[in-house]
Amino acid sequence: MKTPPVRVPIMLPTVPDRAALWPYLGRIDDARHYTNFGPLNRELETRLEALFQAHTTHHLHVKTVSSATQGIELVLSSLNLPPGSSVLVPALTFVATLTAVVRAGLVPVVVDIDPDSWLLTPVIAAAAVAATGARAVLAVATFGHAQDTRAWSVFQKISGVKVVIDAAGAFGTQWIDAPDIPVVFSMHATKSLTAGEGGLVVSGKKATTARVTQLSNFGINLEPNSMLPVGYLSSCGTNAKLSEFHAAVALASLDRWDALAPARHALYLRNRALLDSVTGGALTWQAGAPPEAPTLFCVRTGSGARRDALEAACVKQGIATRRWYQPLLHQHAPNLGNVIRLPVPVAEQVAEDLIGLPFFLDMGEDQIALLAETVRTSLAVAPRRVRSRAEMKLA
């Protein structure tokens, strides 16, 4: 059977057009500085610092990198943990969370998530640390929902376990209320603030961003007041610098931030309310405040059968869907060597009926209406599964 053409894609990147980029590209031509911490890069970091600073009383530092994955790897390396130390990661996240741990010479410990927020929390982490002796936690702002940096700061102080937050998809939602918790964001083409490709590390500790800067430039010492001469290799880093061309895209994207972020938030709230209306509140959303600048639109349908029915109906209507972050990390893990897997019954339960639906700023009224009608009709014929007592106790 021929697959219908896609009428509603899962997402469409919102990237600055050539007119918005032209002034910045002209500055690159004038300066003839294309990479290696150029003037556009420094301007971008300054503007981003001001944006983050507006949401906290703590002084924060920003360092751009070539991708969020590289940023996570370099922040983990900056913790100076013994090689082979174990790091907690949630089962429900993108695979880059796990690969960054492995590439930093550490051992991932895949752990469960909270049944309501779908996040790895300090309570879950404390139990996992007690069971495994993990030395660090890589918590994730899953689907753009913010982590509580203050709670993680308390956890870090009490346990002595280092905490890093992977907020790849949470720019504009994840703010930093605790200066001792480094947070990494993505500026991939699909994210709310885009450089086409890139990332940034935000921390209240200047030493953290300074170390990331050094590691992003092969590990070469750039500090004249350090124990090594400038230009000497201090450690084994990599090339993870953000180019001036990517900085130009990010700056043009930042120019429109005050308009685009509220538009994303409003569209998310509108579509969520519409689906709740047409389904009689039968869907289950991620708990917590809705993301302020979302890029994904994920929901639980009530059962695997209902999700299957919705997926099949969407295919017929040309609506793209995605089972985001599936397979779960522990299901990928057998191919990745030394990975510790703890039981993850909640993550498996969430994944059973989780689906990603279309979400992008250019969604037309006809596309929104088609999505709503498809959700309504497909879920009306698929019964909602009644959870067992054991599952209700687990939740």
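Predicted model only: the values in this text are computed from it and were never measured.

## Here's the deal with the pattern of salt bridges
By the definition in use, this model includes ten salt bridges. The shortest N-O distance in the salt bridge between R103 and E73 comes to 3.5 Å. In this pair, R103 sits in helix 4 (residues 95-103) while E73 sits in helix 3 (residues 68-78), placing the two residues 30 residues apart along the sequence. For K157, the salt bridge identified is with D180, shortest N-O distance 3.1 Å. Of this pair, K157 sits in helix 6 (residues 149-159) while D180 sits in the loop between strand 5 (162-166) and strand 6 (183-186); the two residues are 23 residues apart in sequence, bridging distant segments of the chain.

## Section: the pairing of strand 1 (residues 61-65)
Extensive coverage of strand 1 is indicated by the burial of five of its five residues. Burial along strand 1 is two-sided: the face carrying H61, K63 and V65 and the face carrying V62 and T64 are both buried. The pairing of strand 1 with strand 7 (residues 199-203) spans five bridges and is classified as antiparallel. Within strand 7, the residue paired with T64 across the bridge is L200.

## As for the environment of P39
Locating P39 in the fold gives a position in helix 2 (residues 39-53). The class for P39 is partly exposed, based on a relative accessible area of 28%. Note: C-alpha distance between P39 and E244 (205 residues apart in sequence) is 7.8 Å. Among residues more than four places away in sequence, those in contact with P39 are A31, H33 and E244.

## Examining the pairing of strand 4 (residues 136-140)
The buried fraction of strand 4 amounts to five of the five residues, a majority that puts the element mostly inside the structure. Burial along strand 4 is two-sided: the residues A136, L138 and V140 and V137 and A139 are all buried. Taken together, the two bridges between strand 2 (residues 86-90) and strand 4 define a ladder with parallel strand orientation. Directly across from L88, in strand 4, lies its bridge partner V137. With five bridges connecting them, strand 4 and strand 5 associate as parallel partners. Counterpart to A136 in the pairing with strand 5 is K162.

## Some details on unusual backbone geometry
For residues other than glycine, phi is negative in most cases, and the peptide bonds are mostly trans. Of note, the amide linkage connecting Q326 to P327 takes the cis form, showing an omega dihedral of 5°. Unusually for a residue other than glycine, W118 sits at a positive phi of about 65°. Within the secondary structure, W118 sits in the loop between strand 3 (107-111) and helix 5 (122-132). Exposure remark for W118: the relative accessible area of 1% places this residue in the buried category. Of note, F143 is a non-glycine position whose phi angle comes to about 55°, a positive value.

Parameters at a glance
Residues numbered from 1 in each chain as written. Predicted model: local features only at pLDDT ≥ 70, side-chain atom pairs only at ≥ 80, totals over all residues. Heavy atoms only, no water. Salt bridge = Lys/Arg side-chain N within 4 Å of Asp/Glu carboxyl O. Helix = DSSP H or I, 4+ residues; strand = E, 2+ residues; numbered from the N terminus. Buried < 20%, exposed > 50% of the residue type's maximum accessible area, 1.4 Å probe, protein only. Pairing = 2+ DSSP bridges. Contact = heavy atoms within 4.5 Å.

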